[in-house]
Structures are given as structure tokens and as C-alpha cells.
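# A closer look at the structure
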Amino acid sequence: MKIFNYRLVIFILSIIFGVVFSIPSFLQTETGKKISLGLDLQGGLHMLLGVKTDEAVTSKIKSIATAVKYFSDDEDILIDGLSIKSNDSVVFSVLDKDEFPKVDKMLEEIKGLDISKQELEYTLTLSAEEEIQTKDQAVSQVVETIRNRLDQFGLAEPTVVRQGETDIVVQLPGIKTAEDERAARELISKPANLELMAVDEERADQVYNMSKAQAAQYGDIILEATDNPNVKYLVKEIPILNGSQVVDAQVAFDQSNQPIINFTLNSAGARIFGDFTGKNVGKRLAVVLDGKVYSAPNIRERIGGGSGQISGGFTVIEAGNVAIALRSGALPASVELLEKRSVGPSLGADSIKASTIALVSGFLIVFIFMIIYYRRAGIIANVALITNIFIIIAIMAMFGATLTLPGMAGIVLTVGMAVDANVIIGERIRELLRQGVSIPKAIEDGYSNAMRAILDANITTLLVAVILYAYGTGPIKGFAITISIGILASMLTAILGTHGIYEALLPKISKDKNLNKWFGIK
Amino acid sequence: MEIFKGNRIYNFMGKRIPFLGFSAILVIASIVLLFTKGLNLGIDFAGGTLVQVQYEQKAPIDKIREVLSNTKYKGSSITEFGSPTEVVIRVTGVSSNLTNDIGDEMHKLLDSTGKFEIRRVDMVGAKVGGELREKGIMALSLSLIIILIYVSYRFEWRFAIASILALAHDIIIALGAISLFQVEVNLDILAAILTILGYSLNDTIIVFDRIREGIQTSKESELNEVVNESVSRTLSRTTLTSLTTFFVVATLYLFGGEIINGFAFTLLVGVVVGTYSSIFIAASFLVQLKFSIESFRAKEAEKVKRQKEKEKIRAMYEKGTV
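Just so we're clear, the structure is a prediction, and the values are computed from it rather than from any experiment.

Time to look at the UniProt feature "transmembrane region" (unreviewed entry) in chain A. Residue and element names in this part refer to chain A. Residues given the UniProt feature "transmembrane region" (unreviewed entry) here are residues 354–374, 379–399, 405–425, 453–472 and 478–502. The span residues 379–399 carries 95% helix and 0% strand; its end-to-end C-alpha distance comes to 31 Å. This span, residues 405–425, is 100% helix and 0% strand, and a straight line between its end C-alpha atoms measures 31 Å.

It is worth spelling out the interface of chain A and chain B at this point. Listed per partner, the contact involves 68 residues of chain A and 69 residues of chain B. Interface area, chain A with chain B, both sides summed: about 6,600 Å², of which 63% is carbon and sulfur. Seen at the junction of chain A and chain B, the total is 14 salt bridges. Applying the counting criterion to the chain A and chain B interface returns 21 residue pairs in polar contact (both at pLDDT 80 or more). At the level of elements, strand S2 (44–51), helix H6 (178–189), strand S18 (335–343), helix H10 (345–374), helix H12 (405–434), helix H13 (439–471) and helix H14 (474–512) of chain A are the ones that each hand at least two residues to the side of chain A that touches chain B. Here the element with the most residues in the side of chain A that touches chain B is H12(A); it accounts for 15 residues. Taken together, the residues that form the side of chain A that touches chain B break down as 37 nonpolar, 12 polar and 19 charged.

Tracing the backbone through its elements, the reader meets B:Leu187 in helix H7 (residues 187–217). Given a relative accessible area of 9%, B:Leu187 falls into the buried group. Remark: the alpha-carbon pair of B:Leu187 and B:Asp44, spanning 143 residues in sequence, is separated by 6.3 Å. When residues no more than four places from it in sequence are discounted, the contact partners of B:Leu187 are A:Thr473, A:Ile476, B:Asp44, B:Phe45 and B:Leu132.

The next thing to look at is the UniProt feature "transmembrane region" (unreviewed entry) in chain B. Residues and elements named next belong to chain B. Within this structure's numbering, the places UniProt gives as "transmembrane region" (unreviewed entry) are residues 17–35, 136–153, 160–183, 189–208, 238–256 and 262–287. Counted over residues 189–208, helix gives 100% and strand 0%. Its end C-alpha atoms are 28 Å apart. End C-alpha atoms of residues 262–287 are separated by 36 Å, and the span's content is 100% helix alongside 0% strand.

Burial runs high along strand S5 (residues 116–124) of chain B: eight of the nine residues are buried. As defined by bridge partners, S18(A) adjoins S5(B) across five bridges and the pair is classed as antiparallel. Bridged to A:Lys340 within S5(B) is B:Met123.

Bringing the domain arrangement of chain B into the picture now. Residue and element names in this part refer to chain B. Domain annotation of chain B identifies domain 1 (13–40 + 129–291) and domain 2 (48–124). Between domain 1 and domain 2, the C-alpha centre-to-centre distance is 39 Å. Listed per partner, the contact involves four residues of domain 1 and seven residues of domain 2. Summing the contributions of domain 1 and of domain 2, the shared interface buries around 400 Å²; its carbon and sulfur component is 62%.

Next up on the list: helix H1 (residues 16–36) of chain B. Side chains three or four residues apart in an α-helix point the same way, a direct result of the helix having 3.6 residues per turn. All names here are of chain B. Compared with the 30 Å implied by 1.5 Å per residue over 21 residues, the 30 Å span of H1 between its first and last C-alpha is a close match. What H1 keeps buried is the set Arg16, Leu20, Ser23, Val27, Ser30 and Leu33. Looking straight down H1, one finds its buried side chains confined to an arc of 150°; they lie on one side. Structural note: H1 exposes Ile17, Pro18, Ile25, Ile28, Phe35 and Thr36 on the side pointing more than 90 degrees away from its buried face. On its buried face, H1 sits against helix H6 (157–180), helix H8 (223–255) and helix H9 (258–288).

Reading guide: rules and limits
- Residues numbered from 1 in each chain as written.
- Chains lettered and ligands numbered in written order.
- Predicted model: local features only at pLDDT ≥ 70, side-chain atom pairs only at ≥ 80, totals over all residues.
- Heavy atoms only, no water.
- UniProt positions renumbered as here; feature names shortened; annotations may be inferred.
- Helix = DSSP H or I, 4+ residues; strand = E, 2+ residues; numbered from the N terminus.
- Contact = heavy atoms within 4.5 Å.
- Buried area = accessible area lost by both parts, 1.4 Å probe.
- Salt bridge = Lys/Arg side-chain N within 4 Å of Asp/Glu carboxyl O.
- Polar contact = N/O pair within 3.5 Å; in protein donor to acceptor, adjacent residues only side chain to side chain.
- Nonpolar A, V, L, I, M, F, W, Y, C, P; charged D, E, K, R; others polar.
- Buried < 20%, exposed > 50% of the residue type's maximum accessible area, 1.4 Å probe, protein only.
- Pairing = 2+ DSSP bridges.
- Domains from an automatic or database assignment.
- Expected span 1.5 Å × (residues − 1).
- Arc of directions from axis to C-beta.

Below is the structure:
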């Protein structure tokens, strides 16, 4: 007998590892790392969203136009025809050539611009590099914003991750009702794009007889009121301020106990707001949220301090959601739904039940079969098999991997594969025993003969699993992970572990010499 | 307990032509099915929306159809799903609007049809479906290439070609069965196909490993004989493993519920076909490809010789006698 049976020691250590680290998953205890259940098993909402990155470019162009307007007002530079052309360029003319240096200096401060000058007319577009960066930032910002909103909404463990260049995966486990789902979807999709816009008082009366094209000639756009689409406002296309300058938004109540939203601007925003209100007393300021006018109060005096309010026809819940959306910032571009999978909790529970029944009964059949066929060698193989399952669960729990329905199928399959290694070894040992080789030598040679086949077979399957992981999405990835872990674990248990057990039992087997009892052959 | 008596050698290669013929018929039939009947692409690949609804009583399919016929969903297909209380409504259109959800709309529309619960809403946009299809084909072809490289490296190129042919055989027949029974092809079916690939490869490689070993150890120089011996020797392992896997997959099929049914069905077919091919077909390709024992032995001997020479040089170097 060997003095130190390292195989058995490693096997026992791996049993302890497997059992200890899979306990939290089996008992669903509060502490310890658990395997998390996929949305198909626990119910929830999975969405793939596409960010319309072109909109981010438009909105960046819009903010550049706003900056140009503010600067030229501030410095008293006379400009004309400031407008946005085909959504990706700003055009304006400077009336006095002497002002060119001033304008050039201002434009220098805005980075990433391609500027072309023709006579008096300036055309500003984003440089190619800046455009790519703007789109990229937009996606990251959408991820950040959605994450913030969902956090504040109080959902358990939302996942928001970027996928590829323009897509975002949102996973919300634990959404129980259709109402919750709808609220979450609304919160995610709300652009929350707050704009403060000047009403064009000169032509305000003509708004009902004006077409969009006519309005555009004056640099104006026509917007509807939020509570009544028949009420229309003619406002200046270039906003005075946008939501990026909002630092806080809270729900409050006005004198008649209607919910309103108080917002606070950052210092730059506060300065612009103060200047504008100071110069335009008596005129109207439209508060526009997502392209609808909420209110258009008269400016009574200069508003310093940088706070304002949105009122008009909210319910308390709506006001709360709008405040969350404003606080977490506007979506720099709107998102579209590319893929949605929602699984109700009852379906998830049914799936768990059905697949557990399948798993347990499948295992039982294999266990019984192995014992009948191989007798004690079958029992040894079964010990390896059970350990294998514990190790899969333990490793998945450690890495926080998700167990999905195909993942469970992967475990079932691994059981088949793990048994296979033991069957190959068992058959090899039997073969050698039939040839009359002594028991210790039959075991040693049986393992070494089987090893090459098992390795080749496992490595090829592992390679396929790696490809599956690389190209798969969601559930397929889960399947690939379980198979990979299962194969590696089975090398440890079914090859190393059982070998260790045989080594430990060798004196007993050699003394017994009952081949039927130990290996199932007559 | 033993299934096959240990020392019996079966003459598989003697009957390889009839088996190859039988396989050819199956493969051709499958290809014909694929081209005529085609695959029933599910929403994962084709795009579309699926709503799974469970009623408290028997699902009133006719009533649902009637209600939906007056709406924009009139073209949707309504089928029973697993049990009489549950139905699946498939709609070809896709709503990319986040706030306007098909689940909500269905809830309102079906309100009059009885008490029900919407258990699942899956919506896959056309762009995503196309991407998934592309990735699926990519994964499948990449797997085949990697297997080709690995087996060529570990064995010999003819082994690689033979194993790929055997795999193609298994996958085509499995796809044929999927087409015949119009199983809905979704991501999980793709996973099943790739599993068959892994499983059948596993089987084939174990047989090939035995052939490789047989060539190296036995004095037999007739390839047919070596193959017969190797396949016979692995026979009890092959059937045993297939049986245990078959049991597990069969329980999955019987008790796994409707959702995993297509997956389990595909695997069942795959296990049966994979076992058949690794016993009767894979090695036949090796014989058909005119694999030569002599040159393989010569190459192996060359390898061993080179290895020995390297060791010798190393030994000399370490002793400092170079």
C-alpha cells in the first residue's frame, strides 16, 4: 500500500469544498454566496434595448446652439439665423465682420467642432472623432441613468449592462405583477428631457394658423400642452437651458395641494437662468418636458438662486417618477426595445419543479443502474457523481453564476458524461481482469489506458463549450458554463477521486478477490 | 452484470456497406425534409412575439381566436401548450415601443375570455433574430473547425475527416427529425444541437482512441480487423453510457415540462443517432478513406524515434559531453 494516498486526500478536500460551498444554495440561507436563479426560473423581466445614438448627436448639436446663443447675447454680438440644419449642424451668420475674432475665440472653447466659414455664415458640425465619442458616451450615460432610476425606484438587484456598441441588457428579477413591469418600463423609457424655452411673443397669436415649416422660418417650433393637445405654443427652437443642468428634483405640493416638482439648477445653469429671466420680465417661459409644454408662466422678476418648478396635471405617483427621472438625468438618446422576455413567477416555479423532478429521477435511474451493473465499483462511481454535482453548485455559487433552465439541462448532461468516464475506466479494468491480470495491476493499467480517451473526449467537449460561451447569449451561456464546470469537476472526481478510493480499498479488494462483488463480473 | 461477453469480436466492417447505405437514406431523407418542409423557426431566430397564457379552466381557444380576429392580431396562431389550460399566442409583429406592451394589450383584449394569467411574454426584434441566427451558424462552424484541428493534431487527418463526417451525419439526421416533427427551433434547440455535437464526438473519439491503440499494440495489419476489434471492445462502454444518458434525457423529456420538451426531444434523437453512428458509421469512414496502418505505424515510429533522439541529445547535453 502506498504510504500517502494523495488522490484520496484531494478527493476528500474537494468533497468538503463542494458540500460547504453549496450549502447556502441548497438551503437558500441568508449568508454565504448562493447560486442565483435565472429569470426563466425565478420570474422577472429581461430586455435588450437599443440606444438611438443619432439622437445624442442631435442633442449635442442643440446644446452647442444654446451655448452660441447664450454667448452672443452675453457679449452683445449680433448674429442672425441661428438654427439647426438636418439634425447635425448649427448654422448662423455674424452681422459684423469685426466680431469674427470674438466668435472664433468662443468657438475655440467648444471642443471637437468642425467649423466652416462662408462669407458671414458659420456652419458648425461635430468632428468625426467627436461624433463617435458622443455616441459612445451616450450609451454609457444611458446605462448609468437607467441604473440610477431603477435603484431609486427600489427594485431588487437590477442588472443594467452594456452589450456591444449600442445595446443595453436590462434584467429585473423579482418583478411580480404586470403593474410593476409597466412602471419599470415607463421609468426606463422616459427621456426626462427638461427644457426651458422662450415663447416667441411677437408671433404667439399666429400659432394656430401656422405650419411647422412656417414656424421654422422664424427659428421657432410648435409644441402642444401636456394636458390638452389643442393648446399650442410657439417657442424658440433653441432652448435657454436643458436638463443636463438639473442637479436635484423633488416632489412638492402647491397651494391647492396639487403635486408639483421643484428642481434646482447647477451654478452655470443658475447664472443663465438668472440672466435670461432678468432680461425678459413680462414675457413667458415655457417649461417643456419631453417635447410637451407643462406650463408657460409669465416671468415676473429675475429668478436668481437657480430653482424652478414644473406644475400641471400630475398624479402623485407620476410626479414621483418624473422627479426620479429628472434627478437621475435625461436620457441623451431614446431607447427602443429590441428584445423582451418576461416570465411570470408561477411559470418560473413550475419550471423549477419540473426540472427538479427530471433531475432527481434521472440521477436515481443512473445510480441504481450503476450499482446493479458494477456492484461496488458502481457505488464508488456514484460517490464521484454526487460529489461532482456538489462541486458544480459550489463553483457556480462562488462565481455568482446564474442557473438557468438550459443550465439545469447542462447538469443533467454532465451527469451522463461523468458516468461515462467511470464506465470507460470500469470496462478497462474488467477487460484486464478477464485477461487474468492481478487486481492492483488491473486498476493501475485500467486508469492509465482509459486516460487518453477520456482526456481527448473531455477536451473536445470543453472546446465546444468555450465556443458556445463566446457566441451564446443568456441561457446558452449558462448552459456552456455548467457544462464546462461539470467537465472539469468530473475530471477531478471521476478520474482522480475514484482512483484514490480504489487505492485506499486495494488491500481489502486484494484479500477478498471476489470480482463479482467488486466489479460485477463473474 | 454484463451486456456483451468480453471477448467476442463482431464483424462490423464486413457489413459496413449496408449500414452506410442505411445512413445515406436517412441523411438524404433529412435533407429533403429540410428543403421541403423546412425548419419551424421560433421567435428567437425569426423574430416576433409570443404570449403564454394560463387559464383557470380549459382554455377557450375558439373564443380567443374570435376576440383577436377583430384586432390587429388577427393573423396570430393560437396553440395549446403542454396542458389544455395553457395556450401560446404567436404574433409575427414586434412592438419596439417600451411603453406600449403587447402583454398589456393582450390582457385587455382577452379580458372577456375568462380568468387567466399571462405567464410569459417573449418578444424578439427582427434585428436580434438575425444576429442570433448569424451567431448560431458561426458557433456551429467554428466548433467543427476546432474539432477538425484538434483531432488532426491528436490522431491523424483521416480521423478528423471521419469524425466530422460522423458529426455531420448525426446533426443532419437530428435536424431532419426536428423538421419532421416541426419542433420549434429556438436558442435551446441550438444548445441541444451543439450538445449532440459534443456528445457524439465524445463517443466517436473513444472508439477512435481504441483504434489508435489497436494499431499501435496489435500485430494485426488488416485495418478492418483492427476496427472490428476496437469497436467490439468499446461496445459495452458505448451502449452503457448511451443507456444512462438516454435515461436521464428521457426523464427530462417526460417530466421536464413543455418548455424543455423540444430540447429533450432533440437530445433523445441525438443520443440514439450518435450511438448508432459511433458503432456502425464513424469507423467505416476511416476504412472508406483508405486509412493505411503501415504509414500510420511508420509515422508513429518516426515520432518515437525523434523523441528518443531528443532525449539522447538532452542527456548528452546534461552530462556535458556535447
